[in-house]
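Chain by chain, the residues:
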Amino acid sequence: MSRAAPAPIFRPRRRGLNGRQREALWGYLFIAPWLIGFLAFVLGPMLFSLYTSFTNYDITSRFDWVGVRNYVGLFTQDSRFWKALGNTAYYATFAVPLGIATGLLIATLLNQQVPGQRLFRTIFFLPKVLTGVAVLLLWLWVFNPQVGLINTALYRLGVNENNLPLWFGDPVWSKPALIIMSMWTAAGSFMFYLAALKGVPRDLYESAQIDGASPVRQFWAVTVPLISPVIFFKLITGISAAMQFWSESLVLTKGGPSDSTLFYGLYIWQTAFTDLRMGYASAMAWILLLITLAITGVQLWLSKRWVHYEGEVR
Amino acid sequence: MALTRPQVQVRPLRTGGPRPRLGGALLGRLLALAALIGLSLLILYPALWMVSTSLKQDAQVLEYPPRWIPNPVVWGNYAKAWASAPFTRYAINSLLYALSVSFGTVLSCSLAAYGFAKLRFPGRDFLFLVLLSTMMIPGLVTMVPQYVLFSKLGWINTYLPLIVPSFFAGAFFTFLLRQYFLGIPNELLEAARVDGANELWIWARVVLPLATPALATVAIFTFDGTWNDYVNPLLYLNDERLYPLQVGLATFRSANDTQWQLLMAASVLVLLPVVVIFFVFQKYFIEGASLTGSVKG
């Protein structure tokens, strides 16, 4: 959808200095809501958070400077911090690639000429719309060990009753359950990939076919490189989102069993709003920011090796 | 990106080349169709099960083997679920919350987007870069200080912390609208300026009407997101009378842990508006997704 033309380099209008100043004034007025919001709700809070992370602030009274004690404490004395970090890394490692694969698979299938395109698109987009507590309650039911959909199906497939996973009741299976959940939602992202797939020139497949490349080979040699910018975009945003995955576990598991779904964000939430250790929570938030920036930086650096911007000026 | 390009990947070659592989292409298409049907059943399965469970008798919920069509169909579950918590009040709260946030978002983001797309001023490109970079900041970093700010303002237990920020233009939708506004020809704006219109008039009377699809997309996505928001209301609201549906539903769950048919009935009712909106405005959802999809790198 190339609705967005590039910004004009020069404008035909020639007005006096006065007109230019007036335009600038209007410009600042128009972006004022964003600018004020940025200062009040982003930059201000970030600076406050950075300062708070060096204090023992607890919202009620104390606001004492403790230096790097919060940070040192997190890294050296807090096993739950490492646990939360590990859980989050586990989730991101599996949920992001599997999510991309799911979206890409559906998009590739839809890109074949099959009847019922519109219907399929509607169905696959539905999980993007269905979110919130109601759907989480549904998943609680789906993963119910005794009567849930998944275990009922596994039982019918011949899995012994005693070997059925307990899902949210078992530290080993609780994270996989959340990852399966995330794949259901990720189906809705097929739209990104479909738009990209349609931009791949047909003649490339034609030449590949003449060279005798199998459909699978064509997929890896033609499709993936050509849509790599979209995959890269989803990788960056997906990892960033996965690092902040936690509200689902607040509703479903409260972090249990045995902290197996204590994700980083949930730990921040509990530290800040249950224990009211705002300073400690702020330190955690800043560590998250630094980790996110580092991962993004590494990805940008790696992207030069595998992301192809075909004829795009960037 | 050429969306208009024909989209066949596995298909018979029309002219020249080796033998047309008609059989193979047809087989591929059939396989794709079968896979799509299977996958869409997987997608729909839990949702249909939710509806099925919501219509079951208490005793049939845990029945084995489970049955798809409840017998009898207990429509009364819906009334019962709705009545067992102040859901009407929650629904009104949710509606007002989602509508105000959608209004605030469309208003402020379209203003900022117009400024960034169509007006020149010193520092514009730098500020736009700042806007883009805020999208990388985890919400968890600002969550604690924002809470402190709003509690110092005495806004806890009001909707102000939830609604007011939406009037200050979030980065993502501002970016999306700017992309759209860039496509609106400058000649139109110039013509209005020559006629003596000021920028606010042009924004309201020229740009906004032309951008209705994009504005609708932003409004619908915001409504959907706000309607489904659980964490923020939970954080700022303690008074049960202020709860939106999501928080009400979570509370309802802990009170009715075993009555799956009531839980599912209440969940269906909470999801119903979103589903209706989705089917009515599908076009905008799909359009919005591809708009965001074209945002590369």
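Residues numbered from 1 in each chain as written. Chains lettered and ligands numbered in written order. Predicted model: local features only at pLDDT ≥ 70, side-chain atom pairs only at ≥ 80, totals over all residues. Heavy atoms only, no water.

**A look at the overall build of chain B**
Now for step 1: Of the regular secondary structure elements, chain B holds 15 helices and zero strands.
Now for step 2: A fraction of 70% describes how many contacts in chain B between residues 6 or more apart in sequence connect residues 24 or more apart.
Now for step 3: When the accessible area of chain B is evaluated, it comes to approximately 13,200 Å², of which 67% is carbon and sulfur surface. (Helix = DSSP H or I, 4+ residues; strand = E, 2+ residues; numbered from the N terminus. Contact = heavy atoms within 4.5 Å. Areas by Shrake-Rupley, 256 points an atom, 1.4 Å probe, with all protein chains shown as cover.)

**A word on the packing of helix 5 (residues 133–142) of chain A against helix 13 (residues 245–255) of chain B**
Now for step 1: The N-to-C vectors of helix 5 of chain A and helix 13 of chain B enclose an angle of 30°; their axes lie 9 Å apart at closest approach. Taken as axis vectors, helix 5 of chain A and helix 13 of chain B run roughly parallel relative to one another. Judged by residue contacts, V133, A134, L137 and L140 of chain A of helix 5 of chain A engage Q246, L249, A250 and R253 of chain B from helix 13 of chain B.
Now for step 2: Its residues assigned to classes, the contact of helix 5 of chain A with helix 13 of chain B shows six nonpolar, one polar and one charged. (Axes fitted to C-alpha atoms, helices over the stretch in contact; angles between N-to-C directions. Parallel < 35°, antiparallel > 145°, perpendicular 65-115°, else oblique. Nonpolar A, V, L, I, M, F, W, Y, C, P; charged D, E, K, R; others polar.)

**Quick word on the interface of chain A and chain B**
Now for step 1: Taken together, the contacts link 112 residues of chain A with 116 residues of chain B.
Now for step 2: Interface area, chain A with chain B, both sides summed: about 11,100 Å², of which 72% is carbon and sulfur.
Now for step 3: At the junction of chain A and chain B, the tally comes to one salt bridge.
Now for step 4: Put simply, R120 of chain B and E23 of chain A hold a salt bridge, and the shortest N to O gap is 3.9 Å.
Now for step 5: Taken together, chain A and chain B are joined by 12 residue pairs in polar contact (both at pLDDT 80 or more).
Now for step 6: With 21 residues, helix 1 (residues 17–52) of chain A is the largest single contributor of residues to the side of chain A that touches chain B.
Now for step 7: Considered class by class, the residues forming the side of chain A that touches chain B number 76 nonpolar, 23 polar and 13 charged. (Buried area = accessible area lost by both parts, 1.4 Å probe. Salt bridge = Lys/Arg side-chain N within 4 Å of Asp/Glu carboxyl O. Polar contact = N/O pair within 3.5 Å; in protein donor to acceptor, adjacent residues only side chain to side chain.)

**A short note on the UniProt feature "domain: ABC transmembrane type-1" (unreviewed entry) in chain B**
Now for step 1: Residues given the UniProt feature "domain: ABC transmembrane type-1" (unreviewed entry) here are residues 91–281 of chain B.
Now for step 2: The span residues 91–281 of chain B carries 75% helix and 0% strand; its end-to-end C-alpha distance comes to 21 Å. (UniProt positions renumbered as here; feature names shortened; annotations may be inferred.)

**Considerations on the UniProt feature "transmembrane region" (unreviewed entry) in chain B**
Residues and elements named next belong to chain B.
Now for step 1: According to UniProt, the feature "transmembrane region" (unreviewed entry) maps to residues 21–45, 95–114, 126–147, 159–181, 202–223 and 260–281 in the numbering used here.
Now for step 2: End C-alpha to end C-alpha, residues 159–181 measures 31 Å, and it is 65% helix and 0% strand.
Now for step 3: Annotated as 95% helix and 0% strand, the span residues 202–223 places its first and last C-alpha atoms 26 Å apart.

**Examining the side chain of Q146 of chain B**
Now for step 1: Mapped onto the elements of the fold, Q146 of chain B is located in helix 6 (residues 139–152).
Now for step 2: Apart from residues no more than four positions distant in its own chain, Q146 of chain B is found in contact with F41 and P45 of chain A together with Y236 of chain B.

**Description of the packing of aromatic side chains**
Now for step 1: Evaluated as defined, the whole model comprises 55 aromatic pairs over all chains.
Now for step 2: On the basis of an interplanar angle of 85° and a centroid distance of 5.4 Å, the ring pair of F75 of chain A and F81 of chain A is categorised as edge-to-face.
Now for step 3: You can call F81 of chain A buried: its relative accessible area is 0%.
Now for step 4: Both rings, one in W167 of chain A and one in W173 of chain A, keep their centres 5.3 Å apart while their planes meet at 70°; by these two values the pair is edge-to-face.
Now for step 5: Exposure remark for W173 of chain A: the relative accessible area of 35% places this residue in the partly exposed category.
Now for step 6: An aromatic cluster of three or more residues is present, and its members are F41, W246, W269 and F273 of chain A together with Y147, F150, W155, F168 and Y236 of chain B.
Now for step 7: One residue, K175 of chain A, lies across the ring of Y90 of chain A, its end atom 5.1 Å from the ring centre. (Phe/Tyr/Trp six-rings, centres within 6.5 Å; stacked < 30°, edge-to-face > 60°. Buried < 20%, exposed > 50% of the residue type's maximum accessible area, 1.4 Å probe, protein only. Lys NZ or Arg CZ within 6 Å of the ring centre and 35° of its normal.)

**As for the UniProt feature "transmembrane region" (unreviewed entry) in chain A**
Residue and element names in this part refer to chain A.
Now for step 1: UniProt marks residues 25–48, 89–110, 122–142, 177–197, 218–246 and 283–302 with the feature "transmembrane region" (unreviewed entry), using the numbering shown here.
Now for step 2: The span residues 89–110 shows a helical share of 100% and a strand share of 0%, and its end C-alpha atoms are spaced 32 Å apart.
Now for step 3: The annotated region residues 283–302 carries 100% helix and 0% strand content, and the separation between its end C-alpha atoms amounts to 29 Å.

**Overview of the environment of L272 of chain B**
All names here are of chain B.
Now for step 1: Relative to the assigned elements, L272 resides in helix 14 (residues 260–280).
Now for step 2: Taking relative accessible area as the criterion, L272 reaches 44% and is therefore assigned partly exposed.
Now for step 3: Here the alpha-carbon distance between L272 and I92, two residues 180 residues apart in the chain, equals 14 Å.

**Notes on the confidence of the model for chain B**
Residue and element names in this part refer to chain B.
Now for step 1: Considering every residue of chain B, the mean pLDDT works out to 87; 89% of them sit at 70 or more.
Now for step 2: Low pLDDT, under 50, characterises residues 1–20; the stretch is placed with 39 contacts to residues that sit more than four places away or in other chains.
Now for step 3: Across the predicted assembly, pTM comes out at 0.87 and ipTM at 0.86. (pLDDT = per-residue confidence, 0-100.)

**Side note on helix 4 (residues 87–118) of chain B**
Now for step 1: Along its 32 residues, helix 4 of chain B runs 45 Å from first to last C-alpha, staying within 8% of the 46 Å computed at 1.5 Å per residue.
Now for step 2: Of all 32 residues in helix 4 of chain B, 23 are buried; the element is thus mostly enclosed. (Expected span 1.5 Å × (residues − 1).)

**Some words on a nonpolar patch on the surface**
Residue and element names in this part refer to chain A.
Now for step 1: A surface patch of nonpolar side chains, about 390 Å² in accessible area, is lined by V298, W301, L302 and W306.
Now for step 2: By secondary structure assignment, the location of W306 is in helix 14 (residues 278–306).
Now for step 3: Given the relative accessible area of 31%, W306 is considered partly exposed. (Patch = residues over 30% accessible without salt bridge, like charges linked within 9 Å, V, L, I, M, F, W, Y side chains within 5 Å.)

**Describing helix 3 (residues 76–83) of chain B**
Residue and element names in this part refer to chain B.
Now for step 1: When we look at burial in helix 3, the residues that qualify are N77, Y78 and A81. Projection of helix 3 onto a plane perpendicular to its axis shows the buried side chains occupying an angular sector of 100°, all on one side. Exposed residues pointing more than 90 degrees away from the buried face of helix 3 are listed as A79, K80 and A83. (Arc of directions from axis to C-beta.)

**Things to note about the pattern of salt bridges**
All names here are of chain B.
Now for step 1: For the coordinates displayed, the defined rule picks out six salt bridges over all chains.
Now for step 2: Put simply, E199 and R193 hold a salt bridge, and the shortest N to O gap is 2.6 Å. The same class applies to E199 as to R193, namely buried.
Now for step 3: Linked by salt bridges that have partners in common, E190, R193 and E199 make up one network.

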